[in-house]
Amino acid sequence: MTHAAQQTSSTRSHSPARARSVEAGASTPPTVVRGALALWVTAVAAGVFETALALVKMAGDGSGSAGEIAVGLAIRLPVFTAALLIAVQMRRGHHWARMTLALGLGVAGTASMVAQPIRALAQGHSLGTAWREAGAMDLAFGASRTLHAAAVLGAVVLMFLPAANAYFRARRGDLHRR
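Residues numbered from 1 in each chain as written. Predicted model: local features only at pLDDT ≥ 70, side-chain atom pairs only at ≥ 80, totals over all residues. Heavy atoms only, no water.

Quick notes on helix 5 (residues 95-122)
Look at helix 5: 37 Å from first C-alpha to last across 28 residues, which is about the 40 Å you get at 1.5 Å a residue. Residue Val114 marks the point of greatest curvature in helix 5, where the axis turns by about 35 degrees; the proline Pro117 follows within four residues. Within the span of helix 5, buried status applies to Ala97, Arg98, Leu101, Ala102, Gly106, Gly109, Thr110 and Met113. Phi turns positive, to about 95 degrees, at Gly124, one or two residues after helix 5. (Helix = DSSP H or I, 4+ residues; strand = E, 2+ residues; numbered from the N terminus. Expected span 1.5 Å × (residues − 1). Bend = angle between axes of the 7 residues up to and from the residue. Buried < 20%, exposed > 50% of the residue type's maximum accessible area, 1.4 Å probe, protein only.)

Looking at the packing of aromatic side chains
Counted under the stated rule, the structure contains one aromatic pair. Taking 5.5 Å as the distance between ring centres and 70 degrees as the angle between the ring planes, the aromatic pair formed by Tyr167 and Phe168 counts as edge-to-face. We note that Tyr167, like Phe168, is buried. (Phe/Tyr/Trp six-rings, centres within 6.5 Å; stacked < 30°, edge-to-face > 60°.)

A few points about the nonpolar core
Ranked by size, the top nonpolar core spans 21 residues in total, and within it Val33, Trp40, Met90, Leu101, Met159 and Phe168 carry the most contacts. If you tally residues by element for this core, the top one is helix 3 (residues 31-61), at six residues. Ignoring any residue separated from it by four or fewer positions in sequence, one finds Met90 in contact with Val33, Ala36, Leu37, Trp40, Ala97, Arg98, Leu101, Met159, Tyr167 and Phe168. (Core = buried A, V, L, I, M, F, W, Y, C linked by side-chain atoms within 4.5 Å. Contact = heavy atoms within 4.5 Å.)

Here it is in structure tokens:
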């Protein structure tokens, strides 16, 4: 076989995407990790929207004092900021960031989002009644909360798919060699 034929044969055995990933090493995150980042950004955006809706409602009906609103913002804004910063670190392949997101927002965050609806159902409130009595603000909040929870759960799943696991293992090795 001629040299040109050997080159052509070896080129065919690797796709262009595979060749790029081999050249780039483990520094280029796979699609699932980039998708997880997009879902974390979506979750944070939904959380910001829900916070804005809650503030509008509290201001409109007088149900929250200025102090309560300030405390709520003092808790939520740093959490949103930290979530985005940690999600960026996750995309860079930091295992600690993946675990922080999975446990902190995937487990604890999801539990905080579903606690109130579960409590209401346990107290005998029905979904049908809630649906019939819901106003536009309640429906917008519910839609956002559904998107929020789906984004969190989707991000957690994506972060632990085989391609993501391989990326984090490779990045861990890269980071230890530095």
